[in-house]
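Coordinates in review
Residues per chain, in single letters:
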Amino acid sequence: MSGRLLRLVCTAAVAAQAVLAPAPAAATAPPPPRSVADLLTDLQRLYRQAEQATETYDTAEVKLRTQRAEVDRLEDELARARLSLHDSEGAVGRLARQQYQGSTEISPYLRLLLARDPQHALDEGHVIGQLARERVRTVGRLTSSEQRIDRLAHRSREALDAQLTLAEQKKKARDDVRGKLAEVEKLLASLTAEQLAALAEFERDGIADAQRKFVASGALSGERAPSPEGDRAVRYAVGQLGKPYQPGAQGPASYDSPGLTSSAWQRAGAPIPRTTRQQWTELQHIPLGELRPGDLVVYFPEATHVALYLGDGMVVQALRPGDRIMISPIATYPVLGAVRPDPKGSALTHYTPPEVTYPGARG
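My aim in this report is to walk through the structure given alongside it, one point at a time. The model shown is predicted, which means the values in this text are computed figures rather than measured ones.

When helices and strands are counted, the chain shows 9 helices and 6 strands. Considering the chain as a whole, with its 363 residues, one finds that 37% of them fall into the buried category. A separation of at least 24 residues holds for 72% of the contacts in the chain among residues at least 6 apart in sequence. Carbon and sulfur atoms provide 56% of the accessible area of the chain, an area that totals close to 21,300 Å².

The following block contains the structure:
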């Protein structure tokens, strides 16, 4: 390539770059504003992820509590086994001293041959036989105690290792919850007051529309009275209105969603599992058309949120972080199904719903 042609090519390349390079103002132009629908979708996704992390945390807490009880039980059993071993060792020591002290005695067989009273000698021999058998049993108890202690010590070490693993899982789940909530806070902090107001209105309209469709579908078919336990659970839950949502909390100052339902039924005298998934899998499923106050409504395909049915298409629930316990439409979230904590409980003949005075009920 000649020098003149090379200069032309270089000149053309520089010119092209100058034409194609974006202007500085265009490079710093702000992105187009996001729609309220997009913002709500992102916010709901983050809230849902936070509640999924909370469910994992609750599950880890339940497992850890159970494992701690198992470690305590094994340690108590190990302490009793060591005490038994100490007693057995003392008994064996006494036998050893007796054996040493009586080592010069004449044998029982020779004593029988030389005895003037054979019957007396036979009776004495029977006693000696009993003592010998007791010695064998004492030594056997010692051996058994030693083996039992070895087994218990091994199981105790395994149980303690499992407890440490669960404690790490709980810590990770707690950190996951905090991370998701930090994302929620970051998104909310980036919005203007006008955007926040528009977001709240858009969400209310969406819930109202979902509730109308849910009721129109015929999923709810009339009102039923609760059982006495269900009535107590409802009244307890209503008494918690206005208290904050707190991941992992079971009251009395704050709750997460299964913390509220499990506490309500615990107070009603019919304890139920702690986590939402446990409540969904272990309690009896019922059709939505048979809902009565006190039943539990479970949400999302993963069964990560739960509310307590109040009646008339409404539930009381610990909705999400940043909110307080409130009354809201049953269709606030996508409904998975319903379960009944007391399937054998008979409905009250006369039922007066609790009076709700909390002004922040969402409807």
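In total, this model carries 1 cavity of 30 Å³ or more according to the counting rule given. There is about 40 Å³ of room inside the largest cavity. Around the largest cavity sit E51, T54, E55, D58, Y245, D256, S257, P258 and T304, which together line it. Going through the elements one at a time, α3 (36-101) and α8 (257-267) are the ones with two or more residues in the lining of the largest cavity. It is α3 that provides the largest number of residues to the lining of the largest cavity, a total of 4 residues.

This structure, assessed with the given rule, holds 14 salt bridges. The partner of D342 in a salt bridge is R292, with the nearest N and O atoms 3.6 Å apart. Here D342, found in the segment after β6 (335-340), pairs with R292, found in the loop between β1 (284-286) and β2 (296-299); they are 50 residues apart in sequence, far enough to count as distant. Accessibility classification places D342 together with R292 in one group, the buried group. Here R340 ties to D295 by a salt bridge, and the two come within 2.8 Å at their closest N and O atoms.

Let us now look at the pairing of β2. Within a regular beta strand, the side chains point alternately toward one face of the sheet and then the other, so they alternate between its two faces. The alternating pattern of β2 places L296 and V298 and V297 and Y299 on opposite faces, both of which are buried. Sheet analysis places β2 next to strand β3 (residues 305-311), joined by 4 bridges and oriented antiparallel. Each residue of the ladder has a partner; that of V298, found in β3, is V306. Where β2 folds back on β3, the antiparallel hairpin that results is connected by 5 residues, among which F300 adopts a positive phi of roughly 70°.

Let us look at helix α6 (residues 193-216). Between its first and last C-alpha, α6 extends 35 Å over 24 residues, near the 34 Å set by a 1.5 Å rise per residue. Turning to α6, its buried residues are L199, E203, I207, Q211 and F214. Following α6 by one or two positions, G218 adopts a phi angle in the positive range, close to 85°.

Empty space among the atoms becomes visible once a probe the size of a water molecule is rolled across them. The volume enclosed by the second largest pocket comes to roughly 310 Å³. If you go around the second largest pocket, you meet 18 residues; those closest to its centre are Q44, F300, T332, Y333 and P334. Within the residue set of the lining of the second largest pocket, elements represented by two or more residues are α3 and α6. Sorting elements by how many residues they give to the lining of the second largest pocket places α3 first, with 5 residues. Looking at side-chain class alone, the lining of the second largest pocket contains 11 nonpolar, 3 polar and 4 charged residues.

Here the focus is the sheet that holds β2. Spatially, the 6 strands line up as an open sheet ordered β1-β6-β2-β3-β4-β5, and their pairing is antiparallel. Of all strands in the sheet, those with a lone pairing partner are β1 and β5 (326-329), marking the two edges. Pairs of neighbouring strands in the sheet enclose a mean axial angle of 40°, with direction left out of account. The pairing of β2 with β6 spans 4 bridges and is antiparallel. Its bridge partner lying in β6, V298 is registered against G337. Against the sheet, α8 contacts β2, β3 and β4 (314-317), and its axis sits at roughly 50° relative to β3.

Here the focus is the side chain of R320. Counting through the fold element by element, R320 comes out in the loop between β4 and β5. A relative accessible area of 9% places R320 in the buried class. Engagement of the side chain of R320 in a polar contact is seen with the side chain of E203, the distance being 2.7 Å. Among the polar contacts listed, one links the side chain of R320 to the side chain of D323, at a separation of 3.0 Å.

Conventions used here
- Residues numbered from 1 in each chain as written.
- Predicted model: local features only at pLDDT ≥ 70, side-chain atom pairs only at ≥ 80, totals over all residues.
- Heavy atoms only, no water.
- Helix = DSSP H or I, 4+ residues; strand = E, 2+ residues; numbered from the N terminus.
- Buried < 20%, exposed > 50% of the residue type's maximum accessible area, 1.4 Å probe, protein only.
- Contact = heavy atoms within 4.5 Å.
- Areas by Shrake-Rupley, 256 points an atom, 1.4 Å probe, with all protein chains shown as cover.
- 1 Å grid on protein atoms, 1.4 Å probe; cavity = no way out; pocket = protein on both sides within 12 Å on 5 of 7 lines; lining within 4 Å.
- Points joined across faces, edges and corners; volume = space filled by probe spheres on them.
- Salt bridge = Lys/Arg side-chain N within 4 Å of Asp/Glu carboxyl O.
- Pairing = 2+ DSSP bridges.
- Expected span 1.5 Å × (residues − 1).
- Nonpolar A, V, L, I, M, F, W, Y, C, P; charged D, E, K, R; others polar.
- Axes fitted to C-alpha atoms, helices over the stretch in contact; angles between N-to-C directions.
- Polar contact = N/O pair within 3.5 Å; in protein donor to acceptor, adjacent residues only side chain to side chain.

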